[in-house]
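Residues per chain, in single letters:
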Amino acid sequence: MTTATFTLFFLTFLLVSLTPGMCMVLSLSLGMTVGVRRTSWMWLGELVGVGIVALGSVLGAATVLLQYPPLFTVFKWGGGAYLIWLGIEMWRSKGSLAIPDVTCGQQQQAPRRLQLVMQGFITAVANPKGWAFFIALLPPFLDFNQPMAPQLTLLLGIILSIELSSLTLYAMGGSVARKMLSSRANVRLLNRAAGTLIAGIGLWLVLD
């Protein structure tokens, strides 16, 4: 991977990770209610889930693309179109990835550690959009003529590091985000910013 490609990979996944999604909103919400330290148990399950989704998506895609190279173009266009559509939905403050207008601020009893781990794991693995993101974004950065193990080890390590940093930021900024999300106008602004980033990544996939 060249320096330019690596930089593009890093920035792409950094933007995707920082974009408000199910896991990030969950981390933000738990940061508000149970605190950063206890929320870290959710991160453990979420990171394991993300690792499984990433590996499963890439290995499945690699098998198909190695046997049927012409499908790569269809695969890339389909993934890009999906991301553009999702970005438009977020711009309109619609869809499951959009931030809701009202954030629940009621205090809750601190959940058990295992419960938090399982909550993070299930949120990551059971989210079909997570699979779609990895299927759409990872293959363009892989060289299928080279051994997969070293590439996946490096890229997955970077992805999980970025994901952990983003989860931490969301949890630590919970109190600030709680005040911001109380305004309907600010929620719409955040949704539009996130939707623009996602649609931009989809456009890059289509035009690359």
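Keep in mind it's a predicted model, so treat the numbers as computed, not measured.

Enquirer: Let's hear about empty space enclosed by the protein: which residues, and what values?
Expert: Tallying each qualifying case throughout the model produces two cavities of 30 Å³ or more. In this structure, the largest cavity occupies an estimated 390 Å³ of space. Mapped by element, the contributors of at least two residues to the lining of the largest cavity are α1 (3-18), α2 (22-33), α3 (36-67), α5 (113-125), α6 (128-137) and α7 (148-172). Broken down by element, the residue count for the lining of the largest cavity peaks at five residues, all from α6. Among the residues making up the lining of the largest cavity, the classes are represented as 15 nonpolar, six polar and three charged. Approximately 40 Å³ is the volume found for the second largest cavity. Ala54, Leu55, Val58, Leu138, Leu152, Leu155, Leu156 and Ile159 together form the lining of the second largest cavity. Among the secondary structure elements, those contributing two or more residues to the lining of the second largest cavity are α3 and α7. With four residues, the top contributor of residues to the lining of the second largest cavity is α7. Here the lining of the second largest cavity is built from residues that sort into eight nonpolar, no polar and no charged.

Enquirer: So, the packing of aromatic side chains: which residues are in play, and what are the values?
Expert: This structure, assessed with the given rule, holds four aromatic pairs. Residues phenylalanine 9 and phenylalanine 13 carry aromatic rings whose centres are separated by 4.8 Å and whose planes lie at 50° to one another, so their mutual orientation is tilted. A residue pair is termed a helical-turn pair when its members lie 3 or 4 positions apart in one helix, as phenylalanine 9 and phenylalanine 13 do in helix α1 at four residues. Take phenylalanine 9 and phenylalanine 13: they sit in the same class, and that class is buried. Ring-pair connections join several aromatic residues into one group, and the members of that group are Phe9, Phe13, Phe134 and Phe141.

Enquirer: So, the confidence of the model for the protein: which residues are in play, and what are the values?
Expert: When pLDDT is averaged across the protein, the result is 77; 76% of the residues are at 70 or more. Ranking the helices and strands of the protein by mean pLDDT puts α7 first, with 89, and helix α8 (residues 174-180) last, with 64. Across residues 103-108, where pLDDT falls below 50, the model places five contacts with residues more than four positions away in sequence or in other chains.

Enquirer: Residues and numbers for the layout of surface pockets, please.
Expert: Estimated volume of the second largest pocket: approximately 180 Å³. Along its surface, the second largest pocket is lined by Met1, Thr5, Phe141, Leu142, Asp143, Gln146, Gln151, Leu154 and Leu155. With three residues, α7 is the largest single contributor of residues to the lining of the second largest pocket. Taken together, the residues that form the lining of the second largest pocket break down as five nonpolar, three polar and one charged.

Enquirer: Please set out the pattern of salt bridges residue by residue, giving values where relevant.
Expert: The tally for this structure, following the rule as stated, stands at one salt bridge. Residue glutamate 89 pairs with arginine 92 through a salt bridge whose shortest N-O separation is 3.4 Å.

Cut-off values and rules
- Residues numbered from 1 in each chain as written.
- Predicted model: local features only at pLDDT ≥ 70, side-chain atom pairs only at ≥ 80, totals over all residues.
- Heavy atoms only, no water.
- 1 Å grid on protein atoms, 1.4 Å probe; cavity = no way out; pocket = protein on both sides within 12 Å on 5 of 7 lines; lining within 4 Å.
- Points joined across faces, edges and corners; volume = space filled by probe spheres on them.
- Helix = DSSP H or I, 4+ residues; strand = E, 2+ residues; numbered from the N terminus.
- Nonpolar A, V, L, I, M, F, W, Y, C, P; charged D, E, K, R; others polar.
- Phe/Tyr/Trp six-rings, centres within 6.5 Å; stacked < 30°, edge-to-face > 60°.
- Buried < 20%, exposed > 50% of the residue type's maximum accessible area, 1.4 Å probe, protein only.
- pLDDT = per-residue confidence, 0-100.
- Contact = heavy atoms within 4.5 Å.
- Salt bridge = Lys/Arg side-chain N within 4 Å of Asp/Glu carboxyl O.

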